[in-house]
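# Architecture at a glance
These are the residues of each chain, in order.
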Amino acid sequence: MDNKNTFTITDNRTGKSYEIPLTDGNIRAMDLRQIKTNPEEFGTMAYDPAFTNTASCRSAVTFIDGAKGILRYRGYPIEQLAENCTFLEVAWLVLNGELPTEAQLKAWTDEITHHTLIHENIKKLMEGFRYDAHPMGMFISSVAALSTFYPEAKNVRDAEVRKAEIPRLIAKVPTIAAWAYRHSIGQRYVYPDNNLSYTANFMNMLWRKVESKYAANPVLARALYVLFILHIDHEQNCSANTMRAVGSSEADPYATTAAAAAALSGPLHGGANEKVLRMLREIGHKDNIPAYIERCKKGELKLMGFGHRVYKNYDPRARIIKRTAEEVFEVTGRNPQLDIALELEKIALEDEYFVKRKLYPNVDFYSGIIYQAMGFDTKMFTVLFAIPRTVGWLAQWQEMITDKEQKIARPRQVYVGYDQRDFVPMEQRTS
Ligand SMILES: CC(C)(COP(=O)(O)OP(=O)(O)OC[C@H]1O[C@@H](n2cnc3c(N)ncnc32)[C@H](O)[C@@H]1OP(=O)(O)O)[C@@H](O)C(=O)NCCC(=O)NCCS
């Protein structure tokens, strides 16, 4: 048998056959365009609302096998990275493709540490928000505002400019996040401390009161960077796709990152762990779980923290987080919501409705419980997600900018509205 790397598509309207080449095992949607019944026609498109089966890019950053529950950054299993690396080490890997040498990691850590400070006018801008402003709204706006402080960042095709702006953003997002939190609790903003690690410095900016030196609990600081590592990237999710789409217009990385953060703020994406905690609070007691599950099965509610567009197996990040939760609770004491979550998980994993639909706990199911035990307000959860995800967004953005095949993102549509019709004067219009 001839082993050709092509598909033959027969158009049954015309009887004509087309040989379509396969690249990496896939067809190019543009190759469908030649399929038409007459030369004047536009040609055939692929219709794919919500991009459930469309690859928008070729990427070497993150690999996910949703059926098997595998997640790798640059080929390295997430479990090994979470176990052995610091957050900035993995950030370097995700951005540069290889694990850093000792010298590279030292220089990278130095560079990040020396960019954590933010212009006083951004502080003033943040102070202008209402006392009850959602920290994610403050985060999105403040990141966008940074673009006005670094006008040279708009030269996105310049590799040197990207090299300067990427660490700047990664260094500044914890400061913005912490200040958004301090604002929400009505306390003075704490400046970064260059003697602390990325996560310990963040904790210092969040929680330092009057002591001269805030001492982060090492178990909690480790738990935070494990959570950060797990959240760095997740290939072409809603916010990464936004980062690429907005970045494809050559908007600067601050405006582009703000747009990605806005996508993350939705409850079906980064806002889900906040919803998980609200759900656990609403359930209140283990005895109320069966009734809650029934309502989910009737379609009245979604079981928050369950289900994933890509994972149709246990989310590997959820497994690591569950372990981290135990370590955190050794320090903070057990959170009663963990018991409700564990019971909910047990029941849902045995229930036919969830089993049949392959609905497993996702990363958000446990992360909120840990964050809460560590002392974070639920409003901060999405902001906590945005800090490490900034690294992933920038890796996706850089890959997009340097990919010769990419151009401004502009999908097609299937127009289903009226055909041309004539204007109707006001007096002749009926409702
Ligand atoms: C993540 C999510 C948006 C993925 O959605 P999706 O891939 O489009 O999956 P679908 O909405 O097509 O769901 C398939 C089926 O499972 C059901 N389903 C999906 N997630 C569910 C959930 N969390 N609780 C109850 N039912 C759920 C859907 O109603 C649908 O049922 P049907 O086939 O009878 O109509 C969805 O699972 C969800 O909303 N989960 C809760 C929010 C969440 O945790 N988000 C964080 C993601 S990291």
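In short, a report on the structure.

Procedures and definitions
Residues numbered from 1 in each chain as written. Predicted model: local features only at pLDDT ≥ 70, side-chain atom pairs only at ≥ 80, totals over all residues. Heavy atoms only, no water. Helix = DSSP H or I, 4+ residues; strand = E, 2+ residues; numbered from the N terminus. Buried < 20%, exposed > 50% of the residue type's maximum accessible area, 1.4 Å probe, protein only. Near = heavy atom within 4 Å. Polar contact = N/O pair within 3.5 Å; in protein donor to acceptor, adjacent residues only side chain to side chain. Areas by Shrake-Rupley, 256 points an atom, 1.4 Å probe, with all protein chains shown as cover. Nonpolar A, V, L, I, M, F, W, Y, C, P; charged D, E, K, R; others polar. Contact = heavy atoms within 4.5 Å. Axes fitted to C-alpha atoms, helices over the stretch in contact; angles between N-to-C directions. Parallel < 35°, antiparallel > 145°, perpendicular 65-115°, else oblique. Left-handed = near helix turned anticlockwise from the far one by under 90°. Phe/Tyr/Trp six-rings, centres within 6.5 Å; stacked < 30°, edge-to-face > 60°. Lys NZ or Arg CZ within 6 Å of the ring centre and 35° of its normal. Pairing = 2+ DSSP bridges. Patch = residues over 30% accessible without salt bridge, like charges linked within 9 Å, V, L, I, M, F, W, Y side chains within 5 Å. Salt bridge = Lys/Arg side-chain N within 4 Å of Asp/Glu carboxyl O.

### Brief notes about the overall build of the protein
Within the protein, the secondary structure is distributed over 17 helices and five strands. Overall size of the protein, expressed as C-alpha extent along the three principal axes, is 80 × 70 × 60 Å. Going through the 431 residues of the protein one by one, you find that 47% of them count as buried.

### Remarks on the site of the ligand
By nearness alone, 16 residues border the ligand, and Leu303, Gly305, Phe306, Arg309 and Arg357 come closest of all. At a separation of 2.7 Å, a nitrogen atom of the ligand approaches a polar backbone atom of Leu303. At a separation of 2.9 Å, an oxygen atom of the ligand approaches a polar backbone atom of Gly305. Summarising the interface, the protein chains cover 69% of the accessible area of the ligand, which totals 870 Å² for the free molecule. Its residues placed into classes, the shell around the ligand shows seven nonpolar, four polar and five charged.

### Considering the side chain of Ser142
Looking at the element boundaries, Ser142 is found in helix α5 (residues 135-146). In this structure the side chain of Ser142 is engaged in a polar contact, spanning 2.6 Å, whose partner is the backbone oxygen of Met138. Residues in contact with Ser142, not counting those within four places in the same chain, are Ile122, Leu125, Met126 and Ile176.

### A look at the packing of helix α10 (residues 253-264) against helix α17 (residues 381-401)
Across the interface, α10 lies against α17 with an axial gap of 10 Å and an inter-helix angle of 130°. On the basis of the axis angle, α10 is oblique to α17. The chirality of how α10 crosses α17 is right-handed. Counting all contacts with α10, which are made through Pro253, Thr256, Thr257, Ala260, Ala261 and Leu264, the residues of α17 involved are Thr382, Phe385, Ala386, Thr390, Trp393, Leu394 and Trp397.

### Here's the deal with the packing of aromatic side chains
As enumerated under the stated definition, the model contains 14 aromatic pairs in all. For the pair Phe202 and Phe228, a centre-to-centre distance of 6.1 Å together with 40° between the ring planes defines the contact as tilted. Here Phe202 is found in helix α7 (residues 198-207), whereas its partner Phe228 is found in helix α8 (residues 218-230), with 26 residues between them in sequence. Taken together, a centroid distance of 5.9 Å and an interplanar angle of 70° make the contact between Phe306 and Phe354 edge-to-face. Here Phe306 is found in the loop between α12 (289-297) and α13 (316-332), whereas its partner Phe354 is found in helix α15 (residues 352-356), with 48 residues between them in sequence. Each of the two residues, Phe306 as well as Phe354, counts as buried. Members of the aromatic cluster, each reached through a chain of ring pairs, are Phe306, Tyr353, Phe354, Phe365 and Tyr366. One Lys or Arg, Arg421, reaches over the ring of Tyr418 and ends 3.3 Å from the middle of that ring.

### What about the pairing of strand β1 (residues 6-11)?
Pairing geometry for β1 and strand β2 (residues 16-21), over six bridges, is antiparallel. Directly across from Ile9, in β2, lies its bridge partner Tyr18. Here β1 folds back onto β2, and the loop between the two strands holds four residues, one of which, Gly15, carries a positive phi near 80°.

### Examining unusual backbone geometry
Across residues other than glycine, the phi torsion is negative in most instances, and most of the peptide bonds are trans. A positive phi angle, near 65°, is found at Ala50, a position not held by glycine. Along the polypeptide, Ala50 turns up in the loop between β2 and β3 (62-65). Overall, the relative accessible area of 54% leaves Ala50 in the exposed class. Residue Glu250 is not a glycine yet carries a positive backbone phi of 70°.

### Comments concerning a nonpolar patch on the surface
There is a patch of nonpolar side chains on the surface, built from Tyr47, Val414 and Val416 and spanning about 380 Å² of accessible area. The topology assignment puts Tyr47 in the loop between β2 and β3. The exposure class of Tyr47 is exposed, given its relative accessible area of 65%.

### Structural notes on the pattern of salt bridges
Enumeration according to the criterion identifies 22 salt bridges in this entry. Of the charged contacts in the structure, one is a salt bridge between Lys4 and Glu19, with a shortest N-O distance of 3.2 Å. Placement of the pair is Lys4 in the segment before β1 and Glu19 in strand β2, with a sequence separation of 15 residues. By relative accessible area, Lys4 is classed as partly exposed at 48%. Here Glu120 makes a salt bridge to Lys123, at a shortest N to O gap of 3.8 Å. Taken together, the residues Glu120 and Lys123, both in helix α4 (residues 120-127) and three residues apart, mark about one turn of the helix. Judged by its relative accessible area of 35%, Glu120 falls in the partly exposed class. Exposure remark for Lys123: the relative accessible area of 14% places this residue in the buried category.

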